[in-house]
Amino acid sequence: MAKTSDQETEKTRAPRGGFCGALHTFAMSVGITAVCMLLTIGVLGLEEPATQAAVQEAAAFNTASQTPAQPMPAAESGQVIPMGEAFGIKLFTDGVIVASLSDIYTTSGVCCPAAKAGLRPGDYLIRADGMDIQSNAALAAYIGRSQGGDVTFLVRRGDKEFETTVTPVFGEGAFRTGMWVRDSAAGVGTLTFYDPDTGMFAGLGHGICDSDAGSIMALKTGEPAGITLCGIVRGLPEKPGQLRGYFSSDEPMGELLANNETGVYGKLSEAPEGTPIDVLAREDVKAGPVEILASIDETGPHAYAAEIEKVNNTDQPTKNLVIRVTDPRLLEATGGIVQGMSGAPILQNGKLCGAVTHVFTDDPTMGYGIFAQTMVEQSRALSQESSAGAIIEENQDAA
């Protein structure tokens, strides 16, 4: 926890939804993120999304519409192990993301130095005066030490990088820039599959996005983590349900390698047990009965009956399946699809055909899914990139 003047304790504000930082517990509907206002005193804030869309991600993270990814090579023949286990995710961003801007009241009037410098929500701040920005706290401390002097940022916006200079102003007892930034996120989803051929796992079926900026968070480092599920809030129309849980260990389950619009991907420290099954090709996925493998309590994954009502055979990478939960057990326990179930595998005729990604807010028995083949292709492409990178490093070391 950051301090100023060696004695001043950092002020914190807990988000709505019963988050308890000391116990690392969280509600699955909230994308828990570390948010730091750029003040001398390093005030922290944790925010929920202000509104809910008609379709909401069935996980702890909020996503927004993204530009479709480049087509991946077709998945090679090979089986994967369907999972269905709930897991925690800890993600740290590459730089800090500008979540929002706010006006500052000074003796000279109202202003926002960050906005004046041309910064926008969704921008990534990579360096300050040529130095890498390691965290919210480090940036807050640096802004405080500036004492109102200019700070030049290296900014990444989309695929472009540029520099801009922000001049902090003194208002309400501290030097401020008018920016709220995030450097991390944590939450829960469901593991979709493990690929024995590559050692890769896939989960969520959608990217982890900043809840304010609406863009996928650029991954610097991250890890899957074990969780303990400890409760359910049943879903109701206009009130999406949620699983509740807490991180059960400080030991990571592996390493997170990618966060993109089709899910999160990485390596597990230990290969999970399970029977490998075939992956159904997109064109072979049909409307009709399916099973959803999901964990809603500590008894682990169970198969629940559902229906694919519509298959969207389009070029879009996500929201390919419209699904409806029909299993009385799941409907009784959760009301349908709830947050925390993103990534739950969907099986058709004994083959992996997709994963749950979203819940319809007006009807929690229904939601969207993604083709499993899309996630397998992404996973294998990432595995190839990771292997190529390791070979390059090995050659450099040898030289």
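All residue numbers refer to position in the chain's written sequence, counted from 1. Per-residue local features are limited, in this predicted model, to residues with pLDDT of at least 70; the limit for side-chain atom pairs, both in listing and counting, is 80 or more; totals at the level of whole chains, interfaces and linings are taken over all residues. Water and hydrogen atoms play no part in the side-chain values, which are based on all heavy atoms of the structure.

## A short note on the overall build of the protein
Threshold: Numbering goes from the N terminus for both helices and strands, where a helix is a DSSP run of H or I of at least four residues and a strand is a run of E of at least two. A simple rule labels every residue: compare its accessible area, found with a 1.4 Å probe on the protein chains alone, to the largest value its type can have, and call it buried under 20%, exposed over 50%, or partly exposed in between. For every accessible area listed, the method is Shrake-Rupley and the probe measures 1.4 Å; residues are considered covered only by the protein chains on display.
Counting secondary structure elements, the protein contains 4 helices and 27 strands. For the protein, with 399 residues in total, the buried portion stands at 52%. As displayed, the protein offers around 17800 Å² of accessible surface, 49% of which is attributable to carbon and sulfur atoms.

## A few points about the pattern of salt bridges
The criterion, for reference: Within this document, salt bridges are pairs made up of a side-chain nitrogen of Lys or Arg and a carboxyl oxygen of Asp or Glu, the two lying within 4 Å of each other.
If you walk through the whole model with that rule in mind, you get 8 salt bridges. Put simply, Asp123 and Arg157 hold a salt bridge, and the shortest N to O gap is 2.8 Å. Residue Asp123 is located in the loop between α1 (113–116) and β10 (124–128), and its partner Arg157 is located in strand β12 (residues 151–157); the two are separated by 34 residues in the primary sequence. Looking at Arg157, the relative accessible area reads 25%, which means it is partly exposed. A salt bridge links Glu377 to Arg282; its shortest N-O distance comes to 2.6 Å. Placement of Glu377 in helix α4 (residues 372–398) and of Arg282 in the loop between β21 (263–268) and β22 (288–294) is noted, with a sequence separation of 95 residues between them. Residue classification places Glu377 among the buried positions, given a relative accessible area of 6%. Here Arg282 falls in the partly exposed class, since its relative accessible area comes to 25%. Bridged by salt links that share partners, the residues Glu309, Arg324 and Asp363 form one connected network.

## Topic: the nonpolar core
The criterion, for reference: Note on terminology: a nonpolar core comprises buried Ala, Val, Leu, Ile, Met, Phe, Trp, Tyr and Cys residues joined through side-chain atoms within 4.5 Å. Any two residues having at least one pair of non-hydrogen atoms within 4.5 Å are treated as being in contact.
Val285, Ile292, Ile308, Leu321, Ile323 and Ile346 are the most contacted members of the largest nonpolar core, which totals 31 residues. Elements with a contribution of two residues or more to this core: β16 (179–195), β18 (219–233), β19 (242–252), β22, β23 (302–311), β24 (321–325) and β26 (351–360). Considering each element in turn, this core owes the most residues, 4 residues, to β23. Once residues within four sequence positions are removed from consideration, Ile308 is found in contact with Val285, Lys286, Ala287, Gly288, Val290, Leu321, Val322, Ile323, Gln348 and Cys353. Residues Phe87, Ala185, Leu204 and Leu268 belong to the second largest nonpolar core, which totals 19 residues.

## A closer look at the pairing of β16
As a reminder, the rule being used: The criterion for strand pairing is that DSSP finds at least two bridges linking the strands in question.
Of all 17 residues in β16, 17 are buried; the element is thus mostly enclosed. In this sheet, β16 lies alongside strand β6 (residues 81–82) in antiparallel orientation, the contact comprising 2 bridges. Counted as the bridge partner of Ile81 is Tyr194 from β16. Of the strand pairs in this sheet, strand β7 (residues 86–101) and β16 are connected by 11 bridges, and their pairing is antiparallel. Its bridge partner lying in β16, Gly88 is registered against Val188. Relative to strand β17 (residues 200–203), β16 is paired through 4 bridges, and the arrangement is antiparallel. Bridged to Leu191 within β17 is Gly203. Counted along the chain from β16 to the antiparallel partner β17, the turn is 4 residues long, and its residue Gly199 has a positive phi close to 80 degrees.

## Concerning the packing of aromatic side chains
By convention here, two paired aromatic rings are described through the distance between centres and the angle between planes. What counts here: Two rings from Phe, Tyr or Trp (for Trp, the six-membered ring) form a pair when their centres are within 6.5 Å of each other. A pair whose planes differ by under 30 degrees is stacked, one over 60 is edge-to-face, and the rest are tilted. Think of it as a cone above the ring: NZ of Lys or CZ of Arg counts as a charge over the ring if it is within 6 Å of the ring centre and within 35 degrees of the ring normal.
Scanning the model with the defined rule gives 3 aromatic pairs in all. Pairing Phe170 with Phe175 gives two aromatic rings, centres 5.1 Å apart and planes at 70 degrees, and the pair type is edge-to-face. Residue Phe175 is classed as buried on the basis of its relative accessible area of 15%. With a centroid separation of 5.0 Å and 75 degrees between ring planes, the pair formed by Phe360 and Tyr368 is classed as edge-to-face. Since its relative accessible area comes to 13%, Phe360 is described here as buried. In this structure, Lys90 packs its charged tip against the face of Phe247, placed 4.7 Å from the ring centre. Sitting over the face of the ring of Tyr124, Arg156 holds its NZ or CZ atom 5.1 Å from the ring centroid.

## Quick look at unusual backbone geometry
In this structure, Leu204 takes a positive phi of about 70 degrees despite not being glycine. As for its placement among the helices and strands, Leu204 is situated in the loop between β17 and β18. Residues other than glycine seldom take positive phi values, yet Asn349 does so here, at roughly 55 degrees. Mapping Asn349 onto the fold places it in the loop between β25 (345–348) and β26. Take Asn349: its relative accessible area is 73%, and that puts it in the exposed class.

## Side note on the confidence of the model for the protein
The predicted coordinates ought not to be read in detail in places where the model reports low pLDDT. How we decide: Per-residue confidence from the prediction method is given by pLDDT, with values spanning 0 to 100.
Residue-level pLDDT values for the protein average 79, and 76% of them are 70 or greater. Under a pLDDT of 50 for its full length, residues 1–53 has, in the predicted model, 127 contacts with residues more than four places off or in other chains. Low pLDDT, under 50, characterises residues 60–76; the stretch is placed with 50 contacts to residues that sit more than four places away or in other chains.

## Comments concerning the environment of Gln79
What counts here: In the analysis that follows, any N or O atom pair within 3.5 Å is treated as a polar contact, provided that within protein one partner can donate a hydrogen and the other can accept it, and provided that, for residues neighboring in sequence, both atoms belong to side chains.
Counting through the fold element by element, Gln79 comes out in the loop between β5 (55–57) and β6. Taking the C-alpha atoms as reference points, Gln79 and Tyr194, separated by 115 residues in sequence, lie 9.3 Å from one another. Not counting the four nearest positions on each side in its chain, Gln79 is found in contact with Asp195, Pro196, Pro276, Ile277, Asp278 and Arg380. A polar atom in the side chain of Gln79 sits 2.9 Å from the side chain of Asp278.

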